[in-house]
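Structural description and commentary
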Amino acid sequence: MSDTPQNPPPDAAVVRAYHARTKHRFEAYAEGPGQLDWDAQPSPFRHYAGAPQLELPLSADQFERPYGRLPERPENPVAADLNSLGAVLELAFGISAWKSWGPSRWALRCNPSSGNLHPVEAYVLAAHLPGLADGVHHYDPENHVLEGRALRPDDAGAAWLAVGLSSVMWREAWKYGERAFRYCQLDVGHAVAALSYAAALLGWEVEVLAVPNATLAHCFGLDRLDDFPDSRYAFTEDEEPEILLALRAPGLASPPAGELLSAWLAGATWHGRPSRIDPAPGYRWPAIDQVAQASRVVSVEGISGALPPKGTSCGARSTSEKGQFPALPPLAPHPSPAGAAEIIRQRRSGQRFDPKYSLPKAAFYRMLDAVLPRPQVPFTAQENPPQIHLLLFVLRVDGLPGGLYLLPRSPTAAVELPAALGQVDQRFAERRPVASFDADCPAHLGLVQLCPLGLPELQGLARALSCHQDIAATSAFSLGMLGDFEAATADGYGYRSLLREAGLVGQVLYLEAEAAGVRGTGIGCFFDDPVHQAFGLNGNRWQSVYHFTVGTPITDARIETGPPYPQRQKDSA
């Protein structure tokens, strides 16, 4: 029996209704556009015309060190200045390559995005950082520059640095319709993890700050409606304030807390007008506006499960102080000799996988171990205790029987989830810990074999549940991320946090796959309730929120790859 109130708060009811409304079903997909005009795609980049620009150095290679050593601090602490900030922004949100095929040309970024549509915008809030004016700056990833949005006069005070994220939800809604809010939150989770990894390269830490939505909007300049383009379709230009993250580095203090943060901008001069995203949309999806409003933080006290501990400075949601992390042995350094910046830049989403190749069992166990929550990058940047768990389709892992598996990511789920699965589906009655029959499986992993399945049946099931996509069936393994939905949505904001956690876990899998010499792909399209039925789940407590797949990629030789910032390359002539 669920201990969730039968009459949830109004905001919780709205987000739960939205989630149910936007489920894909075998009978019909969630509401979306009937067709797409690719020539009318929303602009993937936003610029602030008239704002002063500051070109950032492409400096990430100066700080390169092995990917496997990211959780460790570098021997020489890296001070916060324009050079180090440029490296962090480059590896978190910058362009990693340009792709072209015939007349078509598109950018890839270090942070992944559903459909490569990139709703996330980044803002830098800084005080007394060498080389950077105090105030709010918009990050332009197309040119790797900061646009001075709100500049303050010089004054005395401590140095501090924060990064804010917003979502242009229309970029996703243009393609995905009502389900787009889900994808925007997944992208925010990916972006938070990307920032955390980039900061870790320098030995910095990222910490989420508990800030009300209205304060975020003010600090990012998103409440200055007169600055935005006039249009009959203003919803296409809206940016939804999402999150503020403090960067902890040598010599940096905490950002101002509470009302002091808004007051910090009182004497600022605002510059620039944002460019237009889409002048002529063909659809509008009011359900997105409704769930966005219901899931905002009105006050810090309204965040269930994410309250800052008493005495914590700057309203920080200090996950480590809340005892979030289960007792686990340290994660061993990854054996790959590749550099962290190299791994981050080469990350791609696999478009096709070669079913002739399998994944070594040691690499599989390593990837699963890496997604367990520990007090290290990127999980220290997570807002809430872990509520995401993995339902696995093990297809081609050397030495491991194919079938359905479960990876709980918290002690509570390790007890409750197997029991929930076994109540309905008798196939899972013979479930067993993988460590009980495979001595190579780390006991602390908690991996459970639910039932063995032959490859043809397993491929058909994995493909069908992920919207009939081959990438879920031709890989080494694919998975569904199962969220403790009723607990997470006790308030509206918890829905955002749940989806962001899924995105954060996805970013771990992306980089771990690259380090293992294979490739990952996030899958946002899946049939929600059929997934639950396939694993014997009843009710609404456990909900699948994101899928992922890992395998050996097939490279399309027709697509050419170019450097990320060719305009910055020196003329050798």
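Everything below is about the structure printed above this text.
Residues numbered from 1 in each chain as written. Predicted model: local features only at pLDDT ≥ 70, side-chain atom pairs only at ≥ 80, totals over all residues. Heavy atoms only, no water.

1. A short note on the packing of helix 1 (residues 10-21) against helix 7 (residues 286-294)
In contact at an axis separation of 9 Å, helix 1 and helix 7 are set at 145 degrees when each is read in the N-to-C sense. For helix 1 against helix 7, the interelement crossing comes out left-handed. Each of Asp11, Val14, Val15, Tyr18 and Arg21 in helix 1 lies in contact with helix 7, whose residues at this interface are Ala287, Gln290, Val291 and Ala294. Across the contact of helix 1 with helix 7, the residue classes break down as 6 nonpolar, 1 polar and 2 charged. (Axes fitted to C-alpha atoms, helices over the stretch in contact; angles between N-to-C directions. Helix = DSSP H or I, 4+ residues; strand = E, 2+ residues; numbered from the N terminus. Left-handed = near helix turned anticlockwise from the far one by under 90°. Contact = heavy atoms within 4.5 Å. Nonpolar A, V, L, I, M, F, W, Y, C, P; charged D, E, K, R; others polar.)

2. Quick look at the pairing of strand 14 (residues 403-407)
The buried fraction of strand 14 is high, at 5 of 5 residues. Of the strand pairs in this sheet, strand 13 (residues 388-394) and strand 14 are connected by 5 bridges, and their pairing is antiparallel. Residue pairing in the sheet places Val394 in a bridge with Gly403 of strand 14. Where strand 14 and strand 16 (residues 448-452) come together, 4 bridges link them in antiparallel fashion. (Buried < 20%, exposed > 50% of the residue type's maximum accessible area, 1.4 Å probe, protein only. Pairing = 2+ DSSP bridges.)

3. Overview of the environment of Pro355
Mapped onto the secondary structure, Pro355 falls in the loop between helix 8 (340-346) and helix 9 (361-370). Residue classification places Pro355 among the partly exposed residues on the basis of a relative accessible area of 39%. When the C-alpha positions of Pro355 and Asn83 are compared, they lie 44 Å apart, and in sequence the two are 272 residues distant. Non-local contacts of Pro355, meaning those with residues more than four positions away in its chain, are made with Arg396 and Thr474.

4. Some remarks on the sheet that holds strand 14
Strand order in the open sheet formed by 7 strands is 15-16-14-13-17-19-18, with antiparallel pairing between adjacent strands. This sheet does not close on itself; its edge strands, each paired only once, are strand 15 (432-433) and strand 18 (519-523). Bridge analysis of strand 15 against strand 16 gives 2 bridges, and the strand direction is antiparallel. Note that in strand 16 the partner of Pro433 across the bridge is Val448. Against the sheet, helix 9 makes contact with strand 13, strand 14, strand 17 (477-484) and strand 19 (542-551), and its axis sits at roughly 165 degrees relative to strand 13, the strand it touches most.

5. Notes on helix 11 (residues 455-465)
Within helix 11, burial applies to Leu458, Gln459, Ala462 and Leu465. Each buried residue of helix 11 sits inside an arc of 150 degrees when the element is viewed along its axis, so together they form one side. On the buried face of helix 11, the contacting elements are strand 13, strand 14, strand 17 and helix 14 (528-534). Residue Cys467 follows helix 11 closely and has a positive phi angle near 55 degrees. (Arc of directions from axis to C-beta.)

6. A word on unusual backbone geometry
The linkage connecting Val377 with the following residue, Pro378, adopts the cis geometry, with an omega of -5 degrees. Its identity is not glycine, yet His118 carries a phi of approximately 50 degrees, on the positive side. Secondary-structure assignment places His118 in the loop between strand 4 (104-109) and strand 5 (120-127). We classify His118 as buried; its relative accessible area is 4%.

7. Quick word on the side chain of Arg179
Assignment of secondary structure puts Arg179 in the loop between helix 3 (169-176) and helix 4 (180-201). With relative accessibility at 1%, the residue Arg179 sits in the buried group. A polar atom in the side chain of Arg179 sits 3.5 Å from the side chain of His24. Setting aside residues no more than four positions away along its own chain, Arg179 makes contact with Tyr18, Thr22, Lys23, His24, Gly524, Phe526 and Asp528. (Polar contact = N/O pair within 3.5 Å; in protein donor to acceptor, adjacent residues only side chain to side chain.)

8. Digging into the state of the cysteines
A full pass over the atoms with the stated rule returns 1 disulfide. Here Cys467 engages in a disulfide with Cys525; their sulfurs sit 2.2 Å apart. Linking Cys467 and Cys525, the disulfide has an S-S dihedral of approximately -85 degrees and is accordingly described as left-handed. In this pair, Cys467 sits in the loop between helix 11 and strand 17 while Cys525 sits in the loop between strand 18 and helix 14, placing the two residues 58 residues apart along the sequence. Looking at Cys467, the relative accessible area reads 9%, which means it is buried. Taking the relative accessible area as the measure of exposure, Cys525 reaches 22% and is therefore partly exposed. No disulfide involves Cys110; its sulfur sits 20 Å from that of Cys184, the nearest cysteine. The exposure class of Cys110 is buried, given its relative accessible area of 2%. (Disulfide = S-S within 2.5 Å.)

9. Section: the nonpolar core
Phe93, Leu165, Trp204, Phe364, Leu392, Leu447 and Met481 are the most contacted members of the largest nonpolar core, which totals 127 residues. The leading source of residues in this core is helix 4, at 15 residues. Grouped together as the second largest cluster of nonpolar side chains are 24 residues, Ala150, Leu209, Leu222 and Leu244 included. (Core = buried A, V, L, I, M, F, W, Y, C linked by side-chain atoms within 4.5 Å.)

10. Some thoughts on the environment of Gln423
Considering the arrangement of structural elements, one finds Gln423 in the loop between helix 10 (411-422) and strand 15. Residue class for Gln423 comes out exposed when judged on its relative accessible area of 66%. With 113 residues separating them in the primary sequence, Gln423 and Gly536 have C-alpha atoms 7.6 Å apart.

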